[in-house]
Amino acid sequence: VQLQASGGGLVQVGGSLRLSCAASGRTFGNDAMGWFRQAPGREREFVATIRWSTGATYYADTVKGRFAISRDKAKTTVHLQMNSLNAEDTAVYYCAINRNVITSTLRSPNQYDYWGQGTQVTVSS
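A brief look at the structure comes next. (Residues numbered from 1 in each chain as written. Predicted model: local features only at pLDDT ≥ 70, side-chain atom pairs only at ≥ 80, totals over all residues. Heavy atoms only, no water.)

1. Considering the nonpolar core
One finds Met-33, Trp-35, Leu-80, Met-82 and Tyr-93 to be the most contacted residues of the largest nonpolar core, which totals 38 residues. Considering each element in turn, this core owes the most residues, 5 residues, to strand β9 (residues 91-98). Not counting the four nearest positions on each side in its chain, Tyr-93 is found in contact with Leu-19, Trp-35, Phe-36, Arg-37, Val-47, Phe-67, Leu-80, Met-82, Gly-118, Thr-119 and Val-121. (Core = buried A, V, L, I, M, F, W, Y, C linked by side-chain atoms within 4.5 Å. Buried < 20%, exposed > 50% of the residue type's maximum accessible area, 1.4 Å probe, protein only. Helix = DSSP H or I, 4+ residues; strand = E, 2+ residues; numbered from the N terminus. Contact = heavy atoms within 4.5 Å.)

2. Focus: the packing of aromatic side chains
For the structure on display, the rule yields 5 aromatic pairs. Ring geometry for Phe-36 against Tyr-112: centres 4.9 Å apart, planes inclined by 75°, an arrangement best described as edge-to-face. Of this pair, Phe-36 sits in strand β4 (residues 32-38) while Tyr-112 sits in the loop between β9 and β10 (114-115), placing them 76 residues apart in sequence. Tyr-112 matches Phe-36 in its accessibility class, with the two residues each being buried. Their ring planes at 55° and their centres at 6.2 Å tell us that Tyr-112 and Trp-115 sit as a pair that is tilted. Of the residues examined, Tyr-112 reaches a relative accessible area of 5% and is grouped as buried. Judged by its relative accessible area of 29%, Trp-115 is partly exposed. (Phe/Tyr/Trp six-rings, centres within 6.5 Å; stacked < 30°, edge-to-face > 60°.)

3. A few points about the sheet that holds strand β7 (residues 67-72)
In spatial order, the strands read β1-β3-β8-β7; together these 4 strands make up an open sheet with antiparallel pairing. Bordering the open sheet on either side are β1 (2-6) and β7, each of which pairs with just one other strand. With direction set aside, neighbouring strand axes in the sheet form an average angle of 15°. Strand direction decides the pairing type here: strand β3 (residues 17-24) and strand β8 (residues 77-82), joined by 6 bridges, are antiparallel. Its bridge partner being in β8, Leu-17 is matched across the sheet by Met-82. (Pairing = 2+ DSSP bridges. Axes fitted to C-alpha atoms, helices over the stretch in contact; angles between N-to-C directions.)

4. Things to note about the state of the cysteines
Across all of its chains, the model carries 1 disulfide by this definition. What pairs with Cys-21 in a disulfide is Cys-95, and their sulfur atoms sit 2.0 Å apart. Measuring the twist about the S-S bond at about 60°, one finds the Cys-21-Cys-95 disulfide to be right-handed. On the criterion of sequence distance, the pair formed by Cys-21 in strand β3 and Cys-95 in strand β9 is long-range, its members being 74 residues apart. You can call Cys-21 buried: its relative accessible area is 0%. The buried category is assigned to Cys-95, whose relative accessible area is 0%. (Disulfide = S-S within 2.5 Å.)

5. Quick word on the side chain of Arg-51
Mapping Arg-51 onto the fold places it in strand β5 (residues 45-51). Here Thr-103 takes part through its side chain, which lies 2.4 Å from a polar atom of the side chain of Arg-51. Arg-51 has contacts with Asp-31, Ala-32, Ala-56, Tyr-58, Arg-71, Val-101, Ile-102, Thr-103 and Leu-106, leaving out every residue within four places of it along the chain. (Polar contact = N/O pair within 3.5 Å; in protein donor to acceptor, adjacent residues only side chain to side chain.)

Put into structure tokens, the structure is as follows:
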């Protein structure tokens, strides 16, 4: 399985970015595909995830209402639309696939089996 993330960059506070993650090498079935982020000196944290089969979405409280995750089944791609960005959103963003979806553990990076290379998002004031 290969995950290719793209769409990061430099944006001003209040701006928007759209990240994409294209997956290849497997079918998805009951997988979940999500985004995590890691800022310097901090642990990797959950951002959002989406169940591939149902489209159900889950968000971290810090991004709820500002970020939206979606999937394109035909292109096996997940998007993360990020609006109203602030300095605390600055991090490397990683996409990942969870093959054994359990709702209670969807926010744990340890439950994700495949990871992309990361894309840098920098929000400047």
